[in-house]
Amino acid sequence: MADYEQEQEMEVEALQAILMDDIQEIDPSESGIATTARCFQILLSPQDDDFDESAYVPVQLALIFAHTEKYPDEPPLLNVKSVRGIKPDDLASLKEKLDQEATENLGMAMVYTLVSSAKEWLSEKYGQNGGDDEPEETEEPEEEVIVPHGEAVTVESFLAWRERFEAELALQRAKLMPDSALTAPKEKKLTGRQYFESGRHAVKGASTVADEDEEEEEDIEFDDDFEDDEEDMLEHYLAEQSGKSTA
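Naming follows an unreviewed UniProt entry, where the chain appears as RWD domain-containing protein of Urochloa decumbens.

Following this line, the structure appears as structure tokens:
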């Protein structure tokens, strides 16, 4: 018996040192517990030390306990009261939770463990980020749905179009080039890029490069610079298909 009393006294002293003004001894008649043993009340709030009371109306809970004769081999007598703002249903739920934890911690001083559990519950239920209200969902702007027009682009359709495009382009450029440019010696023949950059395609009757006694038929040669980048051609193709679909 002496060992239980000594252990209980040591626990009370430790709680007073840790909780300071938040723990006080009260009359058993005020405890709500059917006992004549010493009763203690611990005040709990959900906020931390840096809590801004001006931005939130705090709630407060009173955890009341009394040691039994064989505590800690028996659970303590417990009661919870609302000092401010705690719903009765929530108090019943918390009391059940603490009774269960007390049973799980038999054999050791457990009041401070129960205090920590009650404060954690209080913070989750009534803290700044707690409560029953669900956070409002932020409306996100709806993404614009792009509706495709025209035929779908495939590798085969693009390659077929590219062949037609290159043939038409070569034909158009051949018509613009003067005969003298086509019959000029190869070493002096202008590349397609040089010809268009020089502006000669805009002036008919430009000076010939050289006269040849015998004209030989040659295949029209174009510099590699004539070939457009495939990405540019794809953009041209898509624009062409889009124009057809809207026509």
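There's more to say after this.
Caption draft 1: View of the pattern of salt bridges. Applying the stated rule across the entire model yields five salt bridges. With a shortest N-O distance of 4.0 Å, Asp-90 and Lys-125 are connected by a salt bridge. Of this pair, Asp-90 sits in helix H3 (residues 88-104) while Lys-125 sits in helix H4 (residues 111-126), and the two are 35 residues apart along the sequence. Exposure remark for Lys-125: the relative accessible area of 30% places this residue in the partly exposed category.

Caption draft 2: Quick peek at the sheet that holds strand S1 (residues 23-26). Across the sheet, which stays open at both edges, the four strands sit in the order S1-S2-S3-S4 with antiparallel pairing between neighbours. Single-partner strands in this sheet number two, and they are S1 and strand S4 (77-84). In this sheet, neighbouring strand axes are inclined to one another by 25 degrees on average, regardless of whether the strands run parallel or antiparallel. Most of the contacts of H3 go to S4, to which it runs at about 150 degrees, and overall it touches strand S3 (60-66) and S4. Sitting on the sheet, H4 touches strand S2 (39-44), S3 and S4, and the angle it makes with S2 is about 35 degrees.

Rules behind the numbers
Residues numbered from 1 in each chain as written. Predicted model: local features only at pLDDT ≥ 70, side-chain atom pairs only at ≥ 80, totals over all residues. Heavy atoms only, no water. Salt bridge = Lys/Arg side-chain N within 4 Å of Asp/Glu carboxyl O. Helix = DSSP H or I, 4+ residues; strand = E, 2+ residues; numbered from the N terminus. Buried < 20%, exposed > 50% of the residue type's maximum accessible area, 1.4 Å probe, protein only. Pairing = 2+ DSSP bridges. Axes fitted to C-alpha atoms, helices over the stretch in contact; angles between N-to-C directions. Contact = heavy atoms within 4.5 Å.

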